[in-house]
Amino acid sequence: MSIYDYTVPTPKGEEVSLKDYEGKVILIVNTATGCGFTPHYKPIEQMYEDLHDKGFEVIDVPCNQFAGQTPGTDEEIHDFCTLKYKTQFPQMKKSDVNGENALPLFKYLKEQKGFEGFGKGPTALLMSKMAQKQDKDYASKPDIKWNFTKFVVDREGNVVKRFEPTADMKEVRKFVESLI
């Protein structure tokens, strides 16, 4: 299996094939509208505007699995993002990224790039404490830990990097630019 064997559902119930993104650098991210990391939409949108013509794509998968921080319908989520952050990249159907109902794409992404830690700093420490309360073994499991976990796919379809929500968005952009 490769990344191009997967599909992602749209809010209208259609399936988008990742084969459509072949040869492009892709940022795949599980998002939320009511999270402390929701402002990540702004630098993600800026990357999309600056790099889309150079072969960069964003796959935005809203997810309500983390403290119910993505309430509302797909249409309400889309309206929030386009009005507040002026997002232009497509949003997919609100979906699970962990558990038995997780999108197969996210099962694949987690197999390719497991959890490597939240990094350093106060936010990373806070996220570690929160994750440990939910699961003492969280660090050894590849599951998505929170909203705005980002996976980067290179032009050959390889899942090359996983960024936790605590990662500095400047680092994410720098890495994406290195693949463009």
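See the structure printed just above.
Residues numbered from 1 in each chain as written. Predicted model: local features only at pLDDT ≥ 70, side-chain atom pairs only at ≥ 80, totals over all residues. Heavy atoms only, no water.

Draft legend 1. Expanded view of the sheet that holds strand β4 (residues 56-62). Taken together, the four strands give an open sheet; going across it, the order is β4-β3-β5-β6, and neighbouring strands pair in mixed fashion. At either end of the open sheet lies a strand with only one pairing partner, and these are β4 and β6 (159-163). Within this sheet the neighbouring strands show an average axis-to-axis angle of 15 degrees, counted without direction. Sheet topology note: the strand β3 (residues 25-31)/strand β5 (residues 150-153) ladder contains four bridges and is antiparallel. Opposite Ile-26, over in β5, you have Val-153 as the bridge partner. (Pairing = 2+ DSSP bridges. Helix = DSSP H or I, 4+ residues; strand = E, 2+ residues; numbered from the N terminus. Axes fitted to C-alpha atoms, helices over the stretch in contact; angles between N-to-C directions.)

Draft legend 2. Spatial organisation of the pattern of salt bridges. Considering all chains together, one arrives at eight salt bridges under this definition. The shortest N-O distance in the salt bridge between Asp-74 and Lys-93 comes to 3.7 Å. Here Asp-74, found in helix α2 (residues 74-84), pairs with Lys-93, found in the loop between α2 and α3 (104-112); they are 19 residues apart in sequence, far enough to count as distant. The class of Lys-93 is partly exposed, set by a relative accessible area of 34%. Measuring nitrogen to oxygen at the nearest pair gives 2.6 Å for the salt bridge that ties Asp-135 to Lys-141. (Salt bridge = Lys/Arg side-chain N within 4 Å of Asp/Glu carboxyl O. Buried < 20%, exposed > 50% of the residue type's maximum accessible area, 1.4 Å probe, protein only.)

Draft legend 3. Structural context of the pairing of β5. On β5, burial covers both faces: Lys-150 and Val-152 on one face and Phe-151 and Val-153 on the other are all buried. Of the strand pairs in this sheet, β5 and β6 are connected by four bridges, and their pairing is antiparallel. Looking at the pairing, Lys-150 lines up with Phe-163 of β6. The antiparallel pairing of β5 with β6 creates a hairpin that spans five residues between the two strands, and Gly-157 there sits at a positive phi of about 90 degrees.

Draft legend 4. A look at α2. When α2 is considered as a whole, its buried residues turn out to be Asp-74, Ile-77 and Cys-81. The buried residues of α2 all sit within an arc of 65 degrees when viewed along its axis, so they share a single face. More than 90 degrees from the buried face of α2, the exposed residues found are Glu-75, Leu-83 and Lys-84. Where α2 is buried, its residues contact α1 (41-51) and β4. Lys-86 sits one or two residues past α2 and shows a positive phi near 55 degrees. (Arc of directions from axis to C-beta. Contact = heavy atoms within 4.5 Å.)

Structural measurements only, silent on function.
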